[in-house]
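Reading the structure
The chain contents come next:
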Amino acid sequence: MEDPIQLKEEGNKYFQASDYEKALQSYTQAIKLNKDKALQAVLYRNRAACFLKKEEYAKAASDASRAIDINASDIKALYRRSQALEKLGKLDQAFKDAQKCATLEPRNKNFQETLRRLGANIQEKLRIQFSTDLRVQKMFEILLDENSDKEKREKAANNLIVLDREEAGAERIFQNNGVNLLLQLIETKNPELILAAVRTLSGMCTGHKARATAILHYLGIDSICMWMSVDNEEISLAVCNLLQTITDCLMGQGKEEHHGKEEALVLDTKKDLRMITMRLLDMLVSKKVSGQGRDRALNLLNKNIPRKDLKDHDNSRSIFVIDNGLKKILKVVGQIPEMPDCLPLTENTQLTASVLLNKLYDDLRCDPERDNYRLICEEYIKSKIDPQDMDKTLHAVQIVSGVLQGPFDLGNKLLGMKGVMEMMVALCGSEREIDQLVAVEALIHASTKLSRATFIITNGVTLLKEIYKKTKNEKIKIRALVGLCKLGSAGGTDYGLRQFAEGSTEKLAKQCRKWLCNTSIDARTRKWAVEGLSYLTLDADVKDDFVEDEPALKAMFELAKASDKTILYSVASALVNCTNSYDTKELVPELVQLAKFSKQHVPEEHPKDKKDFVVKRVKRLLKAGVVSALACMVKADSAILTDQSKELIARVFLALCEDPKDRGTIVAQGGGKALIPLAVEGTDVGKIKASHALAKIAAISNPDIAFPGERVYEVVRPLVSLLNTERDGLQNYEALLGLTNFSGRSDKLRLKIIKEKALPDIENYMFENHDQLRQAATECMCNLVVNKEVQERFVADGNDRLKLVVLLCGEDDEKVQVAAAGALAMLTAAQKKLCSKMTQVTTQWLEILQRLCLHDNMEVQHRGLVIAFNLISSDKELAKKLVESELLEILTYVGKQEDHPKKQHIINVARDCLTKCMDYELIKPLSQA
């Protein structure tokens with residue numbers, strides 16, 4: 001369609017049908033094609049109305065302004081701009097537009113009311129602004145007065161943070177020399193005041209690029225990094241959050257407020273971002289930086305350098321870090337905590353650095369980029385290899401070990417470098433315990449892939465056994481054992497590919513459990529016992545023994561809750577193995593026969609991997625407190641909680657939610673809350689698994705208990721994401737059940753479901769051939785039709801929504817009939833237009849209505865009679881049509897029945913129908929007949 005007028009008419013129809021997205025498209029197309037100025041003004045103001053409905057107020061104001069530029073007295077455009085400006089908080093400008101409207105149409109009550117409301121709001125804003133300035137002044141006086149008592153200062157500090165959360169409050173603090181005063185608070189060296197000041201600065205930066213840039217330059221990146229380097233966890237974390245907020249604003253990812261014309265001031269942020277990146281990289285190798293500070297710097301780099309979306313072609317940030325800081329990251333990875341010259345580290349630092357190496361490598365787009373990365377690594381490792389200096393060589397092996405925990409393919413290539421493997425073997429045979437420790441860890445990380453493991457089985461097993469037997473050092477003993485565990489599990493879950501003799505893996509696992517429960521051993525060493533179990537639990541005998549050992553499970557859960565986050569992946573892997581929530585390939589019987597015939601290996605399932613054993617294991621884990629451990633793991637604010645780890649945790653949660661009886665326990669222990677972030681961030685598979693687990697909980701739980709407060713609104717999007725043809729039937733079904741449960745709670749939840757664009761998907765499932773899916777979708781729609789916006793969609797012309805609901809009332813499936821009749825009863829009660837429309841959508845409407853009113857199921861019959869009553873009440877002509885049909889006979893038959901407590905509500909509706917017909921004088925009472 002190329003005619004702007006026709007496109008405008010089409011847009012108007014879509015707008016009336018509440019399809020604002022399509023209306024927007026029509027108006028935009030018309031604007032592009034139109035040459036007439038007067039029509040252009042109309043199109044812009046109509047598009048402004050669409051933007052208002054979509055709550056895109058800055059765009060609405062812009063379009064209304066364009067219409068006003070063409071016709072300064074366009075009253076509709078002026079009023080729409082006034083509405084948009086009011087929503088943007090620009091009350092004085094909104095007032096001016098409303099004033100013009102009132103001048104053009106003085107008798108319009110709507111304009112007068114808007115003027116009154118805006119005038120009152122402006123007065124209130126000025127009053128608050130004046131009182132805010134005084135309060136800010138007073139708070140700083142208390143905070144900077146050393147003689148103020150402690151309680152007063154704490155209260156003032158908290159008030160400052162609260163005030164700062166509001167845009168107006170943050171602006172007042174900023175305008176009243178707030179940054180300088182906050183800097184003075186930081187210089188007091190009082191931890192509580194420093195925290196309050198840093199948190200206030202974060203609030204001032206949130207969502208405001210200009211303020212964030214000004215604060216960054218005023219404070220200076222060096223000072224911010226110095227504060228982040230302190231050995232105080234709370235202050236270090238608060239400063240890290242401040243720097244993240246500033247970075248978000250500079251990258252345009254903050255909750256950016258629309259500031260109208262101010263947005264024309266474009267700030268060049270690239271220079272600032274590079275400056276922040278360089279300082280963070282410098283922090284990695286500085287001895288003055290605490291372990292906490294180093295972790296924060298690594299976490300910030302992990303979060304902000306690699307691309308969020310690989311569809312975005314710009315990976316210049318990663319290239320910049322590789323060129324300027326890869327060697328610095330490798331230096332962190334190559335640190336040996338037991339050596340005297342080691343940088344200050346926490347238990348998480350080196351794995352966080354390995355994760356960063358992996359993310360940077362994954363962010364590269366072509367082979368030349370990957371080759372450059374590899375060459376930098378090789379060059380750096382070669383510079384460390386020195387046969388005359390064993391300590392230096394040790395660092396080289398440690399770097400390879402760290403890279404193997406990051407980009408594994410690159411680590412494998414580095415293993416192939418001349419002399420690296422020989423060095424590892426030589427270090428294993430060294431007399432120094434530190435050499436053995438580093439070499440054994442490197443061997444463990446090297447044996448990840450089956451092909452690599454088979455190479456090490458021939459060379460490494462003998463070495464590891466020797467070390468295990470000879471060493472007196474428990475730390476080395478455990479690591480040697482883990483190496484053996486890993487090699488022993490190289491066959492995965494395949495029962496026929498066991499590497500070691502029968503019973504060997506159980507013996508290894510028993511020793512790991514023993515060490516795990518031994519609290520006298522340091523946590524870092526016990527962590528290796530969990531690592532061993534994460535491999536050995538691929539064997540079903542080991543899984544069964546492990547879940548029976550409650551002290552060992554509880555010991556593992558306690559370690560998972562500790563500050564050392566390097567254990568997360570091992571714990572999650574062990575739990576995935578115990579719950580069998582890994583992906584398994586279905587064996588096609590024909591192919592199995594073919595493989596046997598051609599003497600190929602066929603994977604075998606262990607007898608203890610059958611369903612009833614898995615169910616018992618899940619119950620054991622729940623009893624031991626697995627949910628609280630998982631919830632604690634999800635909260636880890638660290639790059640070590642990778643998307644892969646999140647996926648493993650989501651898999652475990654889904655396995656735990658399988659039995660409806662267990663879902664209450666999962667909710668009570670914080671499982672519902674923990675699943676929300678897993679459903680929003682992570683791998684695609686992880687998000688689907690977490691969303692499915694949420695759907696299982698949402699389907700049968702009281703939402704107010706399972707997801708209290710505002711949290712319930714966060715669950716809607718994950719559920720809607722499962723209404724997709726790519727998801728399986730069970731996921732669709734349980735998501736629909738969850739949405740049905742939610743849509744029955746409140747109108748606010750119904751609006752959220754509509755806003756997430758779930759309606760078209762729900763309607764599609766109402767057409768499904770699958771009975772249960774059709775039933776669930778119809779029940780969901782039955783709850784949603786209570787909402788006015790949904791009703792308007794049914795009223796709108798050009799759709800078959802009402803026809804579908806009427807036809808579903810005629811289905812043979814009783815549950816579908818109950819839901820469809822309920823929806824139709826509510827729609828016809830709420831919208832009189834739908835009563836007449838119902839008679840036009842299908843010729844079968846009367847036959848279907850009669851069948852409903854005579855139905856054996858009392859619930860269906862009651863709903864059918866309510867529909868009949870709504871039709872009769874809506875219009876005398878329609879009532880006449882019904883009286884002239886067999887429906888009168890049905891109503892008379894039902895209405896004449898004797899009173900009966902179980903059927904009274906049905907009899908009463910039939911009598912109400914007859915009474916209404918008498919009021920219309922379409923029928924006479926029996927005495928007058």
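Structural data are supplied above this passage.
These figures come from a predicted structure and were not determined experimentally. All chains use their own residue numbering, which begins from 1 and follows the written sequence. Where totals are concerned, whole chains, interfaces and linings use all residues; where local detail is concerned, this predicted model gives features only for residues with pLDDT of at least 70, and gives and counts side-chain atom pairs only at 80 or more. To get the side-chain values, all heavy atoms of the structure are used, and hydrogens and water are removed first.

Looking at the overall build of the chain
The secondary structure content of the chain amounts to 52 helices and zero strands. Each principal axis of the C-alpha atoms in the chain carries an extent, and together these give about 115 × 75 × 65 Å. To sort residues, take the accessible area from a 1.4 Å probe on protein chains only and compare it with the maximum for the residue type: under 20% means buried, over 50% means exposed, and anything in between is partly exposed. Looking at the chain as a whole, 53% of its 929 residues qualify as buried. Here a residue-residue contact requires only that any non-hydrogen atoms of the pair lie within 4.5 Å. Considering only contacts within the chain whose residues lie at least 6 apart along the sequence, 68% involve residues at least 24 apart. Here the chain has roughly 44,700 Å² of accessible surface; of this, 51% comes from carbon and sulfur atoms. Charged side chains of the chain number 136 positive and 132 negative; the gap between the two group centres comes to 1 Å. Going along the chain from the N terminus, every DSSP run of H or I of four or more residues is numbered as a helix, and every run of E of two or more is numbered as a strand. Values of accessible area rely on a 1.4 Å probe in the Shrake-Rupley scheme; residue burial ignores everything except the protein chains shown. For the purpose of charge, His is not counted, nor are the chain termini; Lys and Arg are scored as positive and Asp and Glu as negative. Charge coordinates come from a single atom per side chain, which is NZ of Lys, CZ of Arg, CG of Asp or CD of Glu.

Brief notes about the environment of Asp-800
Its place among the elements puts Asp-800 in the loop between helix 44 (788-795) and helix 45 (801-809). Its relative accessible area of 53% is what places Asp-800 among the exposed residues. Linking Asp-800 and Asp-231, residues 569 residues apart in sequence, is a C-alpha distance of 66 Å.

Considering the nonpolar core
Buried Ala, Val, Leu, Ile, Met, Phe, Trp, Tyr and Cys residues form a nonpolar core when they are joined through side-chain atoms within 4.5 Å. The biggest cluster of nonpolar side chains holds 262 residues, and the ones touching the most others in it are Tyr-373, Leu-516, Phe-653, Leu-656, Phe-707, Phe-742 and Ile-762. In this structure, Ala-30, Ile-31, Ala-60 and Ile-75 belong to the second largest nonpolar core, which totals 32 residues.

As for the side chain of Asn-870
By the secondary structure assignment, Asn-870 is in helix 49 (residues 858-874). Since its relative accessible area comes to 10%, Asn-870 is described here as buried. Polar contacts here mean pairs of N or O atoms no more than 3.5 Å apart (in protein, one a potential hydrogen donor and the other a potential acceptor; neighbouring residues in sequence count only if both atoms are side-chain atoms). There is a polar contact of 2.9 Å between the side chain of Asn-870 and the side chain of Thr-828. Those residues in contact with Asn-870 that sit more than four places away from it in its chain are Ala-825, Thr-828, Ala-829 and Cys-835.

Side note on the packing of aromatic side chains
Aromatic pairs are defined between Phe, Tyr and Trp rings, using the six-membered ring for Trp, whenever the two ring centres lie within 6.5 Å; interplanar angles under 30 degrees are classed as stacked, those over 60 as edge-to-face, and all others as tilted. Enumeration over the complete set of coordinates arrives at four aromatic pairs. Residues Tyr-79 and Phe-111 carry aromatic rings whose centres are separated by 5.2 Å and whose planes lie at 50° to one another, so their mutual orientation is tilted. Highlighted residues: Tyr-79 in helix 5 (residues 75-87) and Phe-111 in helix 7 (residues 109-144), separated in sequence by 32 residues. Across this residue pair, the class does not change: Tyr-79 and Phe-111 are buried. Judged by centre distance (5.1 Å) and plane angle (70°), the ring pair of Tyr-361 and Tyr-373 falls under edge-to-face. Placement of the pair is Tyr-361 in helix 18 (residues 349-362) and Tyr-373 in helix 19 (residues 367-384), with a sequence separation of twelve residues. Of the two residues, Tyr-361 and Tyr-373, both sit in the buried class. When the ring centre of Phe-613 is taken as reference, the NZ or CZ atom of Lys-616 above it lies at 5.7 Å. The rule is short: NZ of Lys or CZ of Arg within 6 Å of the ring centre and within 35 degrees of the ring normal puts a charge over the ring.

Side note on the pattern of salt bridges
A pairing counts as a salt bridge when a side-chain nitrogen of Lys or Arg comes within 4 Å of a carboxyl oxygen of Asp or Glu. Evaluation of the coordinates by the stated rule reveals 48 salt bridges. Taking the shortest distance from any N to any O, the salt bridge between Asp-899 and Arg-911 comes out at 3.0 Å. Pair noted here: Asp-899 is in the loop between helix 51 (887-895) and helix 52 (904-919) and Arg-911 is in helix 52, with a separation of twelve residues, a long-range link. The structure contains a network of salt bridges with shared partners spanning Glu-21, Lys-54, Glu-56 and Lys-59.

Side note on helix 3 (residues 37-53)
A helix is expected to span 1.5 Å for every residue after the first. For helix 3, spanning 17 residues, the distance from its first C-alpha to its last is 25 Å, which sits close to the expected 24 Å at 1.5 Å a residue. Within helix 3, 14 of the 17 residues are buried, which leaves it mostly tucked inside the rest of the structure.

A short note on unusual backbone geometry
When glycine is set aside, most residues are seen to have a negative phi, and most peptide bonds are trans. You will see that Ser-18, though not glycine, has its phi angle at about 65°, which is positive. The topology assignment puts Ser-18 in the loop between helix 1 (4-16) and helix 2 (20-33). Backbone geometry at Lys-189 places phi at a positive 65°, although glycine is not the residue there. One can find Lys-189 in the loop between helix 10 (178-186) and helix 11 (191-205).

Observations regarding helix 41 (residues 747-755)
Residues of helix 41 that are buried: Leu-749, Arg-750, Ile-753 and Ile-754. For helix 41, the angular spread of buried residues about the axis comes to 145°, placing them on one side. Its buried side turned inward, helix 41 meets helix 39 (711-721), helix 40 (729-743), helix 42 (759-766), helix 43 (771-784) and helix 44. Positive backbone phi, at 60°, marks Lys-757, one or two positions downstream of helix 41. What the arc describes is the spread of directions from the helix axis to the C-beta atoms.

Observations regarding the packing of helix 29 (residues 550-561) against helix 32 (residues 611-624)
The geometry of helix 29 relative to helix 32 is characterised by a closest axis approach of 10 Å and an angle of 60° between their N-to-C directions. As the angle between them shows, helix 29 and helix 32 are arranged oblique. Taken as a pair, helix 29 and helix 32 cross one another with a handedness that is right-handed. In this structure, helix 29 contributes Glu-550, Leu-553, Lys-554 and Phe-557 to the contact, and helix 32 contributes Arg-620, Leu-621, Lys-623 and Ala-624. Class assignment of the residues belonging to the contact of helix 29 with helix 32 gives a composition of four nonpolar, no polar and four charged. Interaxial angles span 0 to 180 degrees and are taken between N-to-C directions of axes, which are lines fitted to C-alpha atoms, for helices over the stretch in contact. Angular relationships are summarised with four words: roughly parallel below 35 degrees, roughly antiparallel beyond 145, roughly perpendicular across 65 to 115, and oblique for the angles in between. A crossing counts as left-handed when the near helix is turned anticlockwise from the far one by less than a right angle, and as right-handed when that turn is clockwise. Note on residue classes: Ala, Val, Leu, Ile, Met, Phe, Trp, Tyr, Cys and Pro are nonpolar, Asp, Glu, Lys and Arg are charged, and everything else, Gly too, is polar.

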